[in-house]
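Chain residues, written in single-letter form:
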Amino acid sequence: MATANQRGQDAHERRTGPGPEGSDLHALAVQLRRMNGEINRVVHGFAGAHTLHATDIQALAAILDAPEPMTPGRLRRHLGLTSGAVTACVDRLERAGHVRRVRESADRRVVHLHYVPEAREAARRYFRPLAEAAVAARTHFDDGELAVVARFLAALNEELSHVASDDR
């Protein structure tokens, strides 16, 4: 009887076909999963050290990376959570001293979420080894190669944003 991994591998080979292209796709998938696992290991360590959930770390990253001040509604859509779950997440982040809610406009209903500077610095210190690893890996590639990698990752993230997360 085949294990789940063997069945998954067989299905993968049927989708990608034999030959170098299928092998390249498999090798890429393996490396992406490995990178995801390594990053998750560090993220979960930070979450545990700060009594946060993994979703809280995703929320912090979204707040940090947002091109404009993040609101709870935009955070809800970004994370794909219910409004109640986002409220609980923001409450935890606020209690832990990572974010603060600010009403910045004349419309008192609008709330912006800000990453607290001291908490941001603590996260920067904790995640510095990830940045250093990226800098070290970068030295193996020229600017043209890095541009291709960046384009690939941007395209992959765009495609992944359209993948349904419900059970199939």
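Below you will find a few notes about this structure. Computed from a predicted structure; not experimentally measured.

Next up on the list: the side chain of Thr71. Summarising the element assignment, Thr71 is placed in the loop between helix 3 (54-65) and helix 4 (72-79). One polar contact links the side chain of Thr71 to the main-chain amide nitrogen of Arg74, over a distance of 3.1 Å. If we skip the residues at most four places from it in the chain, Thr71 touches Val111, His112 and Leu113.

This part covers the packing of aromatic side chains. To describe a pair of aromatic rings, you give the distance between the ring centres and the angle between the ring planes. Counted by the stated rule, this structure contains three aromatic pairs. When the ring of Phe46 is compared with that of Tyr126, the centres are 5.2 Å apart and the planes differ by 65°; the resulting orientation is edge-to-face. Here Tyr126 lies in helix 6 (residues 117-138) and Phe46 lies in helix 2 (residues 20-49), a separation of 80 residues in the sequence. Its relative accessible area of 1% is what places Phe46 among the buried residues. Judged by its relative accessible area of 33%, Tyr126 is partly exposed. Site record: aromatic cluster; members linked through ring pairs are Phe46, Tyr126 and Phe127.

This next bit is on helix 5 (residues 83-95). Since one α-helical turn is 3.6 residues long, residues separated by three or four positions face the same way. Look at helix 5: 18 Å from first C-alpha to last across 13 residues, which is about the 18 Å you get at 1.5 Å a residue. Among all positions in helix 5, only Val86, Cys89, Val90, Arg92 and Leu93 are buried. Burial along helix 5 is one-sided: seen end-on, the buried residues are contained in an arc of 155°. Exposed positions of helix 5 whose direction lies more than 90 degrees from the buried face are Ser83 and Arg95. Close packing links the buried residues of helix 5 with helix 3, helix 4, strand 1 (99-102) and strand 2 (112-115). Looking one or two places after helix 5, you find Gly97, whose phi comes out positive at around 80°.

Let's shift gears to helix 6. If you look at helix 6, its biggest bend is around 50°, right at Phe127, and the proline Pro129 turns up within four residues after that. For helix 6, the full list of buried residues reads Ala119, Ala122, Ala123 and Phe127.

It is worth spelling out the nonpolar core at this point. Core analysis: the largest hydrophobic core is formed by 25 residues, its most contacted members being Phe46, Leu52, Ile57, Leu60, Leu75, Leu93 and Leu113. Going through the elements one at a time, helix 2, helix 3, helix 4, helix 5, strand 2 and helix 6 are the ones with two or more residues in this core. Take this core: its biggest share by element is five residues, from helix 3. Here Leu52 is in contact with Phe46, Ala47, Ile57, Leu60, Arg92, Leu93, Ala96 and His98, once residues within four sequence places are set aside.

A few words on the packing of helix 3 against helix 5. The interhelical angle for the contact between helix 3 and helix 5, taken along N-to-C directions, is 80°, at an axis separation of 10 Å. Classified by the angle between their axes, helix 3 and helix 5 sit roughly perpendicular to one another. Contacts between helix 3 and helix 5 involve Thr55, Asp56, Ala59 and Leu60 on the former and, on the latter, Cys89, Arg92 and Leu93. Residues of the contact of helix 3 with helix 5, tallied by class, amount to four nonpolar, one polar and two charged.

Scoring rules and cut-offs
- Residues numbered from 1 in each chain as written.
- Predicted model: local features only at pLDDT ≥ 70, side-chain atom pairs only at ≥ 80, totals over all residues.
- Heavy atoms only, no water.
- Helix = DSSP H or I, 4+ residues; strand = E, 2+ residues; numbered from the N terminus.
- Polar contact = N/O pair within 3.5 Å; in protein donor to acceptor, adjacent residues only side chain to side chain.
- Contact = heavy atoms within 4.5 Å.
- Phe/Tyr/Trp six-rings, centres within 6.5 Å; stacked < 30°, edge-to-face > 60°.
- Buried < 20%, exposed > 50% of the residue type's maximum accessible area, 1.4 Å probe, protein only.
- Expected span 1.5 Å × (residues − 1).
- Arc of directions from axis to C-beta.
- Bend = angle between axes of the 7 residues up to and from the residue.
- Core = buried A, V, L, I, M, F, W, Y, C linked by side-chain atoms within 4.5 Å.
- Axes fitted to C-alpha atoms, helices over the stretch in contact; angles between N-to-C directions.
- Parallel < 35°, antiparallel > 145°, perpendicular 65-115°, else oblique.
- Nonpolar A, V, L, I, M, F, W, Y, C, P; charged D, E, K, R; others polar.

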